[in-house]
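The primary structure of each chain is shown beneath.
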Amino acid sequence: MYSRLLGAMNALGTVWIFLLMVLINTDILGRELFSSPVRGTTELLSLSIVGIVFLQLGHALMVGRMTRSDMVIETLLIKRPRAGRALQGLFALLGAVFLAIIFWGSIAPFQEAIEIGEYVGAAGDFTAPTWPIRLLILIGSAATGLQYLIMAWQDFRFAFAGGK
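Residues numbered from 1 in each chain as written. Predicted model: local features only at pLDDT ≥ 70, side-chain atom pairs only at ≥ 80, totals over all residues. Heavy atoms only, no water.

### Some remarks on the overall build of the protein chain
Phase 1 of the analysis: Within the protein chain, the regular secondary structure consists of five helices and two strands.
Phase 2 of the analysis: If you list the helices and strands of the protein chain from N to C, you get α-α-α-α-β-β-α.
Phase 3 of the analysis: Here the protein chain has a C-alpha radius of gyration of 20 Å; the compact-globule value for 164 residues is 15 Å, and the former is much larger.
Phase 4 of the analysis: Referenced to the eigenvectors of the C-alpha coordinate spread, the extents of the protein chain come out at roughly 65 × 35 × 30 Å.
Phase 5 of the analysis: The buried share among the 164 residues of the protein chain stands at 31%.
Phase 6 of the analysis: For the protein chain, the accessible area works out to roughly 10400 Å², and carbon and sulfur atoms hold 68% of it.
Phase 7 of the analysis: Looking at the protein chain, you have 12 positive and 10 negative side-chain charges, and the mean spots of the two groups are 21 Å apart. (Helix = DSSP H or I, 4+ residues; strand = E, 2+ residues; numbered from the N terminus. Rg over C-alpha atoms; globule rule 2.2 N^0.38 Å. Buried < 20%, exposed > 50% of the residue type's maximum accessible area, 1.4 Å probe, protein only. Areas by Shrake-Rupley, 256 points an atom, 1.4 Å probe, with all protein chains shown as cover. Lys, Arg positive; Asp, Glu negative; His and termini not counted. Charge placed at Lys NZ, Arg CZ, Asp CG, Glu CD.)

This is the structure in structure tokens:
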């Protein structure tokens, strides 16, 4: 069930990327053909990158596509699987702590964005609220942190339950 949620978040991020491609191409065509760019393209792109990353982070972790150096851990997993899984569990636990710090540190900026009506852009031309992206940071960091905890539990269970 949780993997479906992460998959849905990833799919939403992928659709978002497609829509940004349409926006960018529309902006380029508008500039070149009509001397009229799409207002807010730069602002939407800058906000979107952050939103997409946090939407897709948990799924990337779940399917093993997060960047990491495997040289030491892979050797340890082959030669001493229980020790390797214990070390991998420790890394996952540290990942969960890191995402919890991101989550905790993102609560106040999210609340402030709502309270003061924070936006990007220029008033009278184009504005977009920042709170939806700040909400995605909270959702994405919580989802990724939970995925790290799931992975830590699986690794520790293998390491300390006799490799089962």
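### As for the layout of surface pockets
To find the voids left in a structure, one rolls a probe of water-molecule size over its atoms.
Phase 1 of the analysis: Approximately 370 Å³ is the volume attributed to the largest pocket.
Phase 2 of the analysis: Among the secondary structure elements, those contributing two or more residues to the lining of the largest pocket are helix H2 (41-62), helix H3 (71-79), helix H4 (81-116) and helix H5 (131-160).
Phase 3 of the analysis: Grouping the amino acids of the lining of the largest pocket by side-chain chemistry returns 10 nonpolar, four polar and three charged. (1 Å grid on protein atoms, 1.4 Å probe; cavity = no way out; pocket = protein on both sides within 12 Å on 5 of 7 lines; lining within 4 Å. Points joined across faces, edges and corners; volume = space filled by probe spheres on them. Nonpolar A, V, L, I, M, F, W, Y, C, P; charged D, E, K, R; others polar.)

### A closer look at H4
Phase 1 of the analysis: Relative to the 52 Å expected for 36 residues at 1.5 Å per residue, H4 spans 52 Å between its end C-alpha atoms, a close match to the ideal helical length.
Phase 2 of the analysis: The axis of H4 is deflected most strongly, by about 30°, at Ser106, and proline Pro109 appears within four residues downstream.
Phase 3 of the analysis: Every buried residue belonging to H4 is among Gly84, Ala86, Gln88, Gly89, Ala92, Gly95, Ala96, Leu99, Ser106, Phe110 and Ala113, and all of these are buried.
Phase 4 of the analysis: Buried residues along H4 sit in contact with H2, H3 and H5.
Phase 5 of the analysis: Where H4 terminates, the next one or two residues include Gly117, which has phi positive at roughly 70°. (Expected span 1.5 Å × (residues − 1). Bend = angle between axes of the 7 residues up to and from the residue. Contact = heavy atoms within 4.5 Å.)

### Topic: the pairing of strand E2 (residues 126-129)
Looking along a regular strand, one sees the side chains alternate between the two faces of the sheet.
Phase 1 of the analysis: The alternating pattern of E2 places Phe126 and Ala128 on a buried face and Thr127 and Pro129 on a face that is not buried.
Phase 2 of the analysis: Counting the residues that bridge the hairpin from strand E1 (residues 119-122) to E2 gives three residues, and of these Gly124 lies at a positive phi of roughly 90°. (Pairing = 2+ DSSP bridges.)

### Concerning the pattern of salt bridges
Phase 1 of the analysis: Under the definition given, this model contains six salt bridges.
Phase 2 of the analysis: Put simply, Arg31 and Asp27 hold a salt bridge, and the shortest N to O gap is 3.1 Å. Within this pair, Arg31 and its partner Asp27 are both found in helix H1 (residues 2-34), separated by four residues, close to a single helical turn.
Phase 3 of the analysis: Among the residues examined, Arg31 registers a relative accessible area of 44% and is labelled partly exposed.
Phase 4 of the analysis: Where Arg39 meets Asp125, a salt bridge forms, and the shortest distance between an N and an O atom there is 3.0 Å. Here the residue Arg39 occupies a position in the loop between H1 and H2, and Asp125 occupies one in the loop between E1 and E2, the gap between them amounting to 86 residues.
Phase 5 of the analysis: The structure contains a network of salt bridges with shared partners spanning Arg68, Asp70 and Glu74. (Salt bridge = Lys/Arg side-chain N within 4 Å of Asp/Glu carboxyl O.)

### Considering a nonpolar patch on the surface
Phase 1 of the analysis: Residues Val15, Ile17, Phe18, Leu19, Met21 and Val22 make up a contiguous nonpolar surface patch of about 530 Å² in total accessible area.
Phase 2 of the analysis: Locating Ile17 in the fold gives a position in helix H1. (Patch = residues over 30% accessible without salt bridge, like charges linked within 9 Å, V, L, I, M, F, W, Y side chains within 5 Å.)

### Considerations on the side chain of Ser48
Phase 1 of the analysis: Looking at where Ser48 falls in the secondary structure, it is placed in helix H2.
Phase 2 of the analysis: With a relative accessible area of 4%, Ser48 lands in the buried category.
Phase 3 of the analysis: At 3.0 Å, the side chain of Ser48 and the side chain of Trp16 are in polar contact. (Polar contact = N/O pair within 3.5 Å; in protein donor to acceptor, adjacent residues only side chain to side chain.)

Function cannot be read off these values alone, since they describe shape.
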